[in-house]
Amino acid sequence: MLSGGGARAAYQVGCLRHIAKVMPTYRPRILTGVSAGAINAIHLAAHRGNWRDAVQDLSDLWLSLRTQKVYRTDLTHVLYRVAHWGLKVASSGRLGRKDIRGMVDASPLRDFLNDHVPNNAGRVTGIEDNLQDGLLDALAIITTSYAQSRSVAWVEAAAGIQIERGQLYPRAAQLNIDHVLASAALPLFFPAIQLDGTWHGDGGVRLTAPLSPALHLGATRILAVSPRARVPRIEEGAALSTNPSYPSPAKIAGVLLNAVFLDLLDFDALQMQRINSLLADSANTAKAAAKRYRQVDVMVVRPERDLGVIAREHEISLPRSFRYFERGLGNPNEPTADALSMVMFEPEYLGLLMDLGEKDAEARSEEIQAFLRGEPAPIAAP
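No experiment lies behind these values; they were computed from the predicted model shown. (Residues numbered from 1 in each chain as written. Predicted model: local features only at pLDDT ≥ 70, side-chain atom pairs only at ≥ 80, totals over all residues. Heavy atoms only, no water.)

## Some thoughts on the pairing of strand S1 (residues 30-34)
The condition is simple: Three exposure classes are used, based on accessible area relative to the maximum for each residue type with a 1.4 Å probe and protein chains only: buried under 20%, partly exposed in between, and exposed over 50%. Where helices and strands are cited, they refer to DSSP runs of H or I of at least four residues and of E of at least two residues respectively, numbered from the N terminus. Two strands make a pair as long as DSSP finds a minimum of two bridges between them.
Among the five residues in S1, four count as buried, and that is most of the element. Pairing analysis gives five bridges linking S1 to strand S4 (residues 138-145), with the strands arranged parallel. For glycine 33, the partnering residue across the bridge sits in S4 and is isoleucine 141.

So, in structure tokens, the structure goes:
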């Protein structure tokens, strides 16, 4: 399960790089991608080589990124969109262009994916072949329908596999570049994408149970890679860290984005662990529940360092025009830059995230390998 977080999804690639190194013959049968994680998921699902080559190619793809390959950063274009957004707000919609979609122009990302993800007129190739060869059971890309205000799972799966209905609206599809762009369309920042006649945006917006797509596709063991560091536990009576400065718009936006894309995974994993504990605690409970429920082991791999702190340290590498406006909305004295960490697609920063992911996965290597081999896994305490 590959979650969102914009540029933070590079951390996932680092984790996968270590897994591919120590388990070169391993290949996941079910892949789910949300937001930027959809890029990783569809690349791995479509790759016709072995698992190690697939991960290496994905790593090379991320290292070839630049911010200007994701959205336009030239000063003239940025000023143009900012001016029209400002006019529209200040004039109550009477001035400014009516068709400004998103704060940035994300057409460079479409061009980049068309060049680097194998496709035929947008239709991603390789997925169907891997399904037919038995190398893959299912791939699900999650978007949010703005018309219906609900999560949609676009599923390409082997014959006979159907996603169960829950909070998700399942749709069988031949996945294409538009599905990926829609899933990764950060609200307001990137423009929404039209799929089957309705507009869709980032898959994390309405996905209150991020593990559910894999669960409904029949997974019995889920490895979730989250780009969110564990929130430090505050002991009773301990003083909260203080910052006398009023929170900047960028800081508030970062907290909101974390709540939308990252916090729900922790809650979902906690609920899954509690259900597993209930099933394991009582033989009678387990027998009664076996007719409706199954135990699904979950492992969450997460950064040891706060990626927002790393983004603040590498802010200088941003294109000049974007850095200018980011500093206008942010506060350089704030220790983290969560919003910035999701939209900074610079190779130095992305490479650091991948190295960190590889290091964190290596620290838990034996645990991860045992989990993926299907060995008995202890039920983590809630």
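## What to know about the nonpolar core
Applied cut-off: Buried Ala, Val, Leu, Ile, Met, Phe, Trp, Tyr and Cys residues that are joined via side-chain atoms within 4.5 Å together make up what is termed a nonpolar core.
In this structure, Leu44, Trp62, Leu113, Ile127, Leu139, Phe190 and Tyr349 are the most contacted members of the largest nonpolar core, which totals 75 residues. Formed by ten residues, the second largest nonpolar core is a distinct cluster that contains Val34, Ile142, Ile163 and Leu168.

## A word on empty space enclosed by the protein
To find leftover empty space, a probe the size of one water molecule is rolled over the atoms. Operational definition: Cavities and pockets were defined on a 1 Å grid built from protein atoms only: a cavity is a group of points that admits a 1.4 Å probe but offers it no way out, a pocket is an open group of points flanked by protein on both sides within 12 Å along at least five of seven lines, and a lining residue is one with an atom within 4 Å of any such point. Grid points are joined across faces, edges and corners, and a volume is the space filled by probe spheres set on the points. Gly falls in the polar group here, along with every residue not listed as nonpolar (Ala, Val, Leu, Ile, Met, Phe, Trp, Tyr, Cys, Pro) or charged (Asp, Glu, Lys, Arg).
Counting across every chain of the model gives four cavities of 30 Å³ or more. What lines the largest cavity is a set of 14 residues, among which Ala36, Ile39, Leu109, Ala184 and Phe345 lie closest to the centre. Mapped onto the lining of the largest cavity, the elements with two or more residues apiece are helix H3 (51-63) and helix H5 (107-116). Residues that form the lining of the largest cavity fall into these classes: twelve nonpolar, two polar and no charged.

## Side note on the packing of helix H1 (residues 10-22) against helix H16 (residues 365-372)
The cut-off we apply is this: Axis lines are fitted through C-alpha atoms, for helices just across the contact stretch, and the angle between N-to-C directions can take any value from 0 to 180 degrees. Each angle is binned into one of four classes, with values under 35 degrees roughly parallel, values over 145 roughly antiparallel, values of 65 to 115 roughly perpendicular, and all other values oblique. The contact definition used throughout considers only heavy atoms, calling two residues in contact when any of these lie within 4.5 Å.
H16 packs onto H1 with a crossing angle of 70° between their chain directions and a minimal axis gap of 11 Å. Taken together, the axes of H1 and H16 are roughly perpendicular relative to one another. Here H1 contributes His18, Ile19 and Val22 to the contact with H16, which in turn contributes Ser365, Ile368, Gln369 and Leu372. Residue composition of the contact of H1 with H16, grouped by class: four nonpolar, three polar and no charged.

## Things to note about the pairing of S4
Most of S4 sits inside the fold, with eight of its eight residues counted as buried. Here S4 shows no split at all, with Ala138, Ala140, Ile142 and Thr144 on one side and Leu139, Ile141, Thr143 and Ser145 on the other all buried. Connecting the antiparallel pair S4 and strand S5 (residues 150-157) is a turn made up of four residues, with serine 149 showing a positive phi of about 55°. Bridge count between S4 and strand S8 (residues 198-202): three bridges; the pairing is antiparallel. Residue pairing for S8: serine 145 is matched across the bridge by histidine 200.

## Remarks on unusual backbone geometry
One non-glycine residue, serine 149, lies in the positive phi region at around 55°. Residue position: serine 149 is located in the loop between S4 and S5. In the Ramachandran plot, aspartate 196 falls in the positive-phi region, its phi being about 50° despite a non-glycine side chain. Among the secondary structure elements, aspartate 196 is positioned in the loop between strand S7 (193-195) and S8.

## Remarks on the pattern of salt bridges
Oppositely charged side chains are able to pair whenever their charged atoms sit close together. Threshold: Salt bridges are defined by distance alone: a side-chain nitrogen of Lys or Arg within 4 Å of a carboxyl oxygen of Asp or Glu.
With the rule as written, the count across this model stands at twelve salt bridges. Ionic pairing is found between glutamate 358 and arginine 17, a salt bridge with its closest N-O pair at 2.9 Å. In this pair, glutamate 358 sits in helix H15 (residues 347-363) while arginine 17 sits in helix H1, placing the two residues 341 residues apart along the sequence. Of the two residues examined, glutamate 358 and arginine 17, each falls in the buried class. Residues glutamate 156 and arginine 123 are paired through a salt bridge, measuring 2.9 Å at the closest nitrogen-oxygen approach. A residue pair is termed long-range when its members are at least 10 positions apart, and glutamate 156 in strand S5 and arginine 123 in strand S3 (residues 123-124) qualify at 33 residues.

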